[in-house]
Amino acid sequence: MRFAKAYVEITNVCNLNCSFCPKTRRAPRFLSPAEFETIARRLSGWTEYLYFHLMGEPLLHPDLEAFLRIAGSLGFRVILTTNATLLPQVGPVLLAGSALHKVNLSLQAFEGNGGGESDDYVNQCAGFAAQAAARGVLINLRLWNLDGADVKGRNSENERILDAIARTFPRPWTPSRGGSRLAPGVYLSWGETFRWPDLNEAKVQAHHFCYGLRDQLGVLCDGTVVPCCLDHEGDIPLGNLLQEDLETIMNRPRTKGVIEGFRRGEAVEPLCQRCGYASRFRV
């Protein structure tokens, strides 16, 4: 069995307080280089792509350069998801590495954190995108704030943001799936807001399909393995990759139960039964 991707949360600490983010009640933590190497080695052969994300802002990690080097030495391709506020300081580190495959810049973080003057923020994102694309790194500029969220002030700046992007990547843009291609290797993607699954919420549905443990899995910053990138509190702990190998974790009854449940179109875990995101999947 191989996964399309594995989410490795190198830290659960963030420098913003976005209104759309569920946050985490877990203790603040940063993976050490030794811990990251252990996790990466135990993921080797299971996937080619490591996403440095789940909760937290990966550009905050002081050992990010070392993590990129370790991942590259093990043959992984790295994808980063970032709020982009630290690009002026950390951008050169990202561009210097060879393991970086793609960067998702979450532009919705701008208004999700209270807004302000958008031009400087967007200019630095667009400037980084141009530099990264020139080095063969894919860039996805995300505006995942649709579905009426402007009532709460979360997407009223979208047109202004698009105009600012166009100063670096002039229109017309080429339509692509879920957005536009702005230049070779640079994309703008639109997305809907969604409610993160929470055990305190009412059940959404018990019968559905999900790609958790089929297309992906997640590893929290304490080594806990979870089925997907939306289990931000570790409510479905399957094992710990700092203490055991992934084959052991995948062969546990709870892990197999999640997999077999989704094959039947059934969400067996309480958290999964409260996940509205899974309704987007069609098989």
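Please read all numbers here as calculations on a predicted model, not as lab measurements.

Conventions and cut-offs
- Residues numbered from 1 in each chain as written.
- Predicted model: local features only at pLDDT ≥ 70, side-chain atom pairs only at ≥ 80, totals over all residues.
- Heavy atoms only, no water.
- Helix = DSSP H or I, 4+ residues; strand = E, 2+ residues; numbered from the N terminus.
- Rg over C-alpha atoms; globule rule 2.2 N^0.38 Å.
- Buried < 20%, exposed > 50% of the residue type's maximum accessible area, 1.4 Å probe, protein only.
- Contact = heavy atoms within 4.5 Å.
- Lys, Arg positive; Asp, Glu negative; His and termini not counted.
- Charge placed at Lys NZ, Arg CZ, Asp CG, Glu CD.
- Core = buried A, V, L, I, M, F, W, Y, C linked by side-chain atoms within 4.5 Å.
- Salt bridge = Lys/Arg side-chain N within 4 Å of Asp/Glu carboxyl O.
- Arc of directions from axis to C-beta.
- Axes fitted to C-alpha atoms, helices over the stretch in contact; angles between N-to-C directions.
- Parallel < 35°, antiparallel > 145°, perpendicular 65-115°, else oblique.
- Left-handed = near helix turned anticlockwise from the far one by under 90°.
- Nonpolar A, V, L, I, M, F, W, Y, C, P; charged D, E, K, R; others polar.
- Pairing = 2+ DSSP bridges.
- Right-handed = clockwise from strand over helix to strand, strands pointing away.
- Phe/Tyr/Trp six-rings, centres within 6.5 Å; stacked < 30°, edge-to-face > 60°.

(A) Structural detail: the overall build of the protein chain. Scanning the protein chain from N- to C-terminus turns up eight helices and eleven strands. In summary, the protein chain has a C-alpha radius of gyration of 19 Å against a globular reference of 19 Å for 283 residues, a match within 12%. Projected onto its principal axes, the C-alpha coordinates of the protein chain cover approximately 55 × 40 × 35 Å. For the protein chain, with 283 residues in total, the buried portion stands at 52%. Restricting the contact set of the protein chain to residue pairs at least 6 apart, pairs at least 24 apart contribute 70%. Once the 31 positive and 30 negative side-chain charges of the protein chain are each reduced to a mean point, those two points are 5 Å apart.

(B) Just the nonpolar core, in detail. Within the largest apolar cluster, 73 residues are counted, with the highest numbers of intra-cluster contacts made by F36, L43, F52, L105 and I165. Those residues in contact with L43 that sit more than four places away from it in its chain are A6, V8, L50, F76, L217, V219, L241 and L246. If you look at the next biggest cluster of nonpolar residues, it comprises twelve residues, including Y7, M55, W196 and L220.

(C) Quick peek at the environment of I236. Tracing the backbone shows I236 in the loop between β10 (224-226) and β11 (239-240). Along the backbone, I236 and V225 are eleven residues apart, and their C-alpha atoms lie at a distance of 8.2 Å. The contacts of I236, once residues within four sequence positions are left out, are V225, V226, P227, D231, R254, E269, L271 and C272.

(D) Examining the pattern of salt bridges more closely. Inspection of the entire model under this criterion finds 14 salt bridges. D215 is the salt-bridge partner of K5, the closest N and O atoms lying 2.6 Å from each other. Here K5 is found in strand β1 (residues 5-8), whereas its partner D215 is found in the loop between β8 (186-192) and β9 (216-219), with 210 residues between them in sequence. Overall, D215 belongs to the partly exposed group, its relative accessible area being 21%. With its nearest N and O atoms 3.9 Å apart, the salt bridge here joins R26 to E233. Of this pair, R26 sits in the loop between β1 and α1 (33-43) while E233 sits in the loop between β10 and β11, and the two are 207 residues apart along the sequence. Pair check on accessibility: R26 and E233 agree, each one buried. Through salt bridges with shared partners, one network takes in E9, R25, R26 and E233.

(E) Expanded view of helix α8 (residues 253-263). All of the buried residues in α8 are T255, V258, I259, G261 and F262. The buried side chains of α8 occupy one side of the element, clustering within an arc of 160° when seen end-on. Exposed residues on α8 whose side chains face more than 90 degrees from its buried face are P253 and R263. For α8, the elements touching its buried residues are α7 (246-250).

(F) Representation of the packing of α1 against helix α2 (residues 64-73) within the structure. Following both chains from N to C, one finds α1 and α2 inclined at 25°, their axes separated by 10 Å at the closest point. On the basis of the axis angle, α1 is roughly parallel to α2. The two elements α1 and α2 cross, and the hand of that crossing is right-handed. The segment α1 lies against α2, with P33, F36 and E37 engaging F67, I70 and A71. Of the residues belonging to the contact of α1 with α2, the class tally is five nonpolar, no polar and one charged.

(G) Structural detail: the pairing of strand β2 (residues 49-52). Relative to β2, β1 runs parallel, the two sharing two bridges. Within β2, the residue paired with Y7 across the bridge is Y51. For the crossover that starts at β1, traverses α1 and ends in the parallel β2, the hand is right-handed. In terms of strand pairing, β2 meets strand β3 (residues 77-82) through four bridges, oriented parallel. Directly across from F52, in β3, lies its bridge partner L80.

(H) A look at the packing of aromatic side chains. Here the structure, examined in full by the defined rule, presents four aromatic pairs. Their ring planes at 80° and their centres at 5.4 Å tell us that F36 and F52 sit as a pair that is edge-to-face. Separated by 16 residues along the polypeptide, F36 in helix α1 and F52 in strand β2 bring together distant segments of the chain. Residue F36 shares its accessibility class with F52, and that shared class is buried. Centroid distance F36 to F67: 4.6 Å. Interplanar angle 15°. Geometry classified as stacked. Placement of F36 in helix α1 and of F67 in helix α2 is noted, with a sequence separation of 31 residues between them. Assessed through its relative accessible area of 0%, F36 is described here as buried. For F67, a relative accessible area of 0% translates into the label buried.

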